[in-house]
Amino acid sequence: MSSRLPRPASSPDRLGPLPNLKRKAVDQLEEDDGIGPLKMSALSHPSKPGSTFRPPRPLTASSSNIPPSNIGTTKPRVPPIRSGGPGVNGRSTNAPIPKSTRAVSAPPPKSTRPTTTSGARYGATRVKTEAAAIGPDQIQDLREEIKDLRAEQAAKNAKVAEDMDVEKLKVLELQQLHAQQDERLLQARTAETESRRLVADLQEKIEDLQKKHSREIMTCEMDQSRLQRQIESLKDDLRISEADLRRERDTISSLKTAIAEQSTAQVTLEARIAALQAASGNIQGKLDESDMNAGRLKFELEQERQRTSELEDKLREAETLRRKLHNTIQELKGNIRVFCRVRPVLPSELTSSPSGSELAAISFPDTKEHREISIVSSAESATGMGRKENWEFAFDKVFEPQATQAEVFEEISQLAQSCIDGYNVCIFAYGQTGSGKSFTMEGGPTEATAGMIPRAVEQVFSVAAALKSKGWEYKMEGQFLEIYNETINDLLGKGEFDKKKHEIKHDKGSTRVTDVVTVPLESPSEVRSLLMLAHSRRTVASTLMNERSSRSHSVFTLRISGTNGVTRETCEGTLNLVDLAGSERLNSSGAAADKDRLKETQNINKSLSALADVIGALGEKSERNEKHIPYRNSKLTYLLQNSLSGHSKTLMVLNLSPLAAHLGESLCSLRFATKVNNTTLGTARKQARVVS
Ligand SMILES: Nc1ncnc2c1ncn2[C@@H]1O[C@H](COP(=O)(O)OP(=O)(O)OP(=O)(O)O)[C@@H](O)[C@H]1O
């Protein structure tokens, strides 16, 4: 960069207010003296107000009348801008001015010079004209004046030269200053470039930082939102905690109230305690007295315990005695007994034909002990005369049609007791089809109509439970079989009837049948469901073969084994409850025409005769003691061998129809039952022993 110095003023006249005349004279003198035109620029006064600074022309020693040695002696003015020290970069202020600075100095203005020679000539002519008009004195004066003016001019020139020197020095200084400024400018530019680079670096860094910052801001925002959520949840927690706190405070306040009340109560209690302590002294005395009484009572209690133990021993002895006596009574009653039961007329029979519903002439003469039954039958004699016959039978018990199941069982329950005592018991229901055998043995669905089997089982369980206190523990199991056409079927099994072969095995007084289901029994209800199962299986079989159930024997067996932990006794009894097949005769049943029916009836009759034979043989044996008992003649007698021996108790319930139409069959049944009733089985033997 080059500095421009101020250009000179363009005004052509800087000489000041000279009079035109004098001016003309001067011009002429100058012309005459050969001085030439004065440099007007050098005459202009720098200190004149309103004048601008005119840079001087570069001076040389030849063109100036100021000796070169004077240059530099003038004390330089201090430049207005100084960076410090004598000069920039240590350069002296007296250093020579660079040429380039010189080259830019402003040339003197052209306008100050006379423009044409014709003008000058016109001026000289005019002065000569005017000089011719003035005198020599005046010329002399003018010359004097010119001389003075020249002297003054010389002085002024000297002054101007001096000023020029000063100005030159100033210019030098300014040039130096300019150089310094350039240098500084360069430095400043270098610094600026450096700064720009730094700024660029910084810009880059700032951008990086901004990116980093934005990332951090994002992270911070995420953190902030997370923290916000945490704050919200904490606020929720705080709310809950505050609610809890309020509750706790309420609780505390209520507790405080309670404590206050308790304190009051405590005071009251303390007062009462004090009163009680006072009373306890009295009580203590009484307690001591009571202790003495307690000691006495303990002694008495011990004596009572001993007495109780003795009584329990006696009770056990009494139980054994009771069993013996019970058995004796049963023996006295006879080990084979027969009950007779006449069923009522059924509603269905009343609505059928009048002849079919006609009642037989049955009466019960023994109104006190109910042991007799009387039947009047009408028959035609050989002479064709009508003949009435009166039949009287006596049994252990006779039940009239209105007798309930409970009344019948009352007489049988003794046998259930015997079974628990360790005897084999066999109860038969005998009679023609439809006489009421199944009703007697199994009964109806209600509690009132429950038959002998469920009642006997219930009795056995309740007696067993009662004997627990006397040291007896019993286990029971049951099985339910059917004998049809001399084939054994398992009523609790799963297979088809008449398919599986079951064998009867006797071993040391106990009877077992192979491949039959034996169910352990824990409660009477289990027995009831067991009976229902057997009944349903029998019903299915009956559907397949009409009237099958009437033509088969069913045998329910309950085996009881008991042990007495105190007396170390054991016993085993068996209760057989048998529903026999219909006992009607071959002719009356009309079976002769049907081959299958004939076979059924033959088998039924065979087994029933075998039963009669066995009972008869047993009666004879007890009299002569050496009689073969034909148990093997039928499956029924063979199965019941151990329950029909002289060591067992047998009960036959003879079921009779009340109808006149069944009178013949009823008489046959009555005769059979009488035969059985007249048989004595001998002495029943208890299957009991003492474990050593
Ligand atoms: N004592 C009684 N009270 C009321 N109804 C009875 C009585 N005895 C039997 N019955 C009824 O008489 C009908 C025949 O009885 P039940 O079936 O017991 O005879 P059953 O001799 O077993 O015949 P089956 O040999 O065909 O099995 C049944 O409807 C039964 O309910």
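Numbers given for residues are sequential positions, taken from 1 along each chain in its written order. For this predicted model, a pLDDT threshold of at least 70 governs which residues receive local features, and a threshold of 80 or more governs which side-chain atom pairs are given and counted, while totals over whole chains, interfaces and linings are taken from all residues.

**Details of the overall build of the protein chain**
Right, so step 1: Numbering goes from the N terminus for both helices and strands, where a helix is a DSSP run of H or I of at least four residues and a strand is a run of E of at least two. Tallying secondary structure elements over the protein chain gives 15 helices and 15 strands in all.
Right, so step 2: Residue burial is a threshold on neighbouring C-beta atoms within 10 Å of the residue's own C-beta, all placed from the backbone, with 20 or more meaning buried, 12 or fewer meaning exposed, and counts in between meaning partly exposed. Expressed as a percentage of the 692 residues in the protein chain, the buried residues total 26%.
Right, so step 3: Once C-beta atoms are placed from the backbone, any two residues with those atoms within 7 Å are in contact. A separation threshold of at least 6 residues defines the contact pool for the protein chain, and within that pool the share at least 24 residues apart is 75%.

**Digging into helix 15 (residues 663-677)**
An α-helical segment advances 3.6 residues per turn. Residues three or four places apart therefore align on the same side.
Right, so step 1: Helices are assigned an expected span. That span is 1.5 Å times one less than the residue count. The terminal C-alpha atoms of helix 15, which comprises 15 residues, lie 20 Å apart, in line with the 21 Å expected from a rise of 1.5 Å per residue.
Right, so step 2: Every buried residue belonging to helix 15 is among L663, E665, S666, S669, L670, F672, A673, V676 and N677, and all of these are buried.

**Here we look at the UniProt feature "binding site: ATP" (unreviewed entry) in the protein chain**
Right, so step 1: UniProt positions are given in the numbering used here, feature names are shortened, and annotations may be inferred rather than shown by experiment. Per the UniProt entry, the sites bearing "binding site: ATP" (unreviewed entry) are G431, Q432, T433, G434, S435, G436, K437 and S438 in this numbering.
Right, so step 2: With respect to the helices and strands, the residue G431 is situated in strand 6 (residues 424-431).
Right, so step 3: Among all residues touching G431, those that are not within four sequence positions of it are G436, K437, S583, L654, N655, L656 and S669.
Right, so step 4: By the secondary structure assignment, T433 is in the loop between strand 6 and helix 8 (437-441).

**Re helix 9 (residues 452-466)**
Right, so step 1: When the terminal C-alpha atoms of helix 9 are compared, their 21 Å separation across 15 residues agrees well with the 21 Å that a helix rising 1.5 Å per residue should span.
Right, so step 2: By the burial criterion, the buried members of helix 9 are M452, I453, P454, R455, A456, V457, Q459, V460 and F461.

**As for the site of the ligand**
Right, so step 1: The full set close to the ligand counts 15 residues, and R343, G436, S438, F439 and S550 are the nearest of them.
Right, so step 2: If you tally residues by element for the shell around the ligand, the top one is helix 8, at three residues.
Right, so step 3: Polar here means any residue outside two lists: the nonpolar Ala, Val, Leu, Ile, Met, Phe, Trp, Tyr, Cys and Pro, and the charged Asp, Glu, Lys and Arg; Gly therefore counts as polar. Looking at the shell around the ligand residue by residue, the class counts come to three nonpolar, ten polar and two charged. Here, nearness is defined through the C-beta atom: a residue counts as near a molecule or strand if that backbone-placed atom lies within 6 Å of it.

**Quick word on the pairing of strand 10 (residues 510-513)**
Right, so step 1: Pairing between strands is defined by DSSP: at least two bridges between them are needed. Relative to strand 10, strand 9 (residues 504-507) runs antiparallel, the two sharing four bridges. Looking at the pairing, K505 lines up with R512 of strand 10.
Right, so step 2: Hairpin connection, strand 9 to strand 10: the antiparallel pair is bridged by two residues, and K508 has positive phi, about 50°.

**As for the nonpolar core**
Right, so step 1: Note on terminology: a nonpolar core is a set of buried residues of type Ala, Val, Leu, Ile, Met, Phe, Trp, Tyr or Cys, with members joined through C-beta atoms within 7 Å. Counting residues in hydrophobic clusters, the biggest one holds 76 residues, and the most contacted among them are C340, I427, V460, L654 and A673.
Right, so step 2: Residue contributions to this core peak at seven residues, all from helix 7 (residues 405-420).
Right, so step 3: For V460, the contacting residues outside a window of four places in its chain are A416, C419, I420, M476, L558, I560 and L575.

**Considerations on the environment of T511**
Right, so step 1: Examined against the element boundaries, T511 turns out to sit in strand 10.
Right, so step 2: Taking the C-alpha atoms as reference, T511 lies 9.4 Å from T574; in sequence the two are 63 residues apart.
Right, so step 3: Other than its neighbours up to four places away in sequence, T511 contacts I504, H506, L639, Q641 and N642.

**Here we look at the packing of helix 7 against helix 9**
Right, so step 1: Axis definition: a line fitted to C-alpha atoms, over the contacting stretch in the case of helices. Angles run 0 to 180 degrees between N-to-C directions. Two numbers describe how helix 7 lies on helix 9: the axes approach to 9 Å, and their chain directions differ by 50°. Classified by the angle their axes make, helix 7 and helix 9 are oblique. As helix 7 packs across helix 9, the resulting crossing turns out to be right-handed. Contact with helix 7, carried on its side by V408, F409, I412, S413, A416, Q417, C419 and I420, involves M452, R455, A456, Q459, V460, V463 and A464 of helix 9 and no other residues of that element.
Right, so step 2: A class-by-class count of the residues in the contact of helix 7 with helix 9 yields eleven nonpolar, three polar and one charged. An angle below 35 degrees is treated as roughly parallel, one above 145 as roughly antiparallel, one from 65 to 115 as roughly perpendicular, and anything else as oblique. When the near helix sits turned anticlockwise from the far one by under a right angle, the crossing is termed left-handed; a clockwise turn instead gives a right-handed crossing.

**Observations concerning the confidence of the model for the protein chain**
Right, so step 1: Summary of the metric used: pLDDT quantifies the predictor's per-residue confidence within the range 0 to 100. Mean pLDDT over the protein chain stands at 76; residues scoring 70 or higher make up 71%.
Right, so step 2: Confidence over residues 1-26 falls short of pLDDT 50; this stretch has 37 contacts with residues more than four positions distant or in other chains.
Right, so step 3: Interface scoring of the predicted complex returns ipTM 0.98; its pTM is 0.55.

**Focus: the environment of R528**
Right, so step 1: Relative to the helices and strands, R528 resides in helix 10 (residues 524-544).
Right, so step 2: Overall, the presence of 16 C-beta atoms within 10 Å leaves R528 in the partly exposed class.
Right, so step 3: In this structure, the C-alpha to C-alpha distance between R528 and E458, residues 70 residues apart in sequence, is 9.8 Å.

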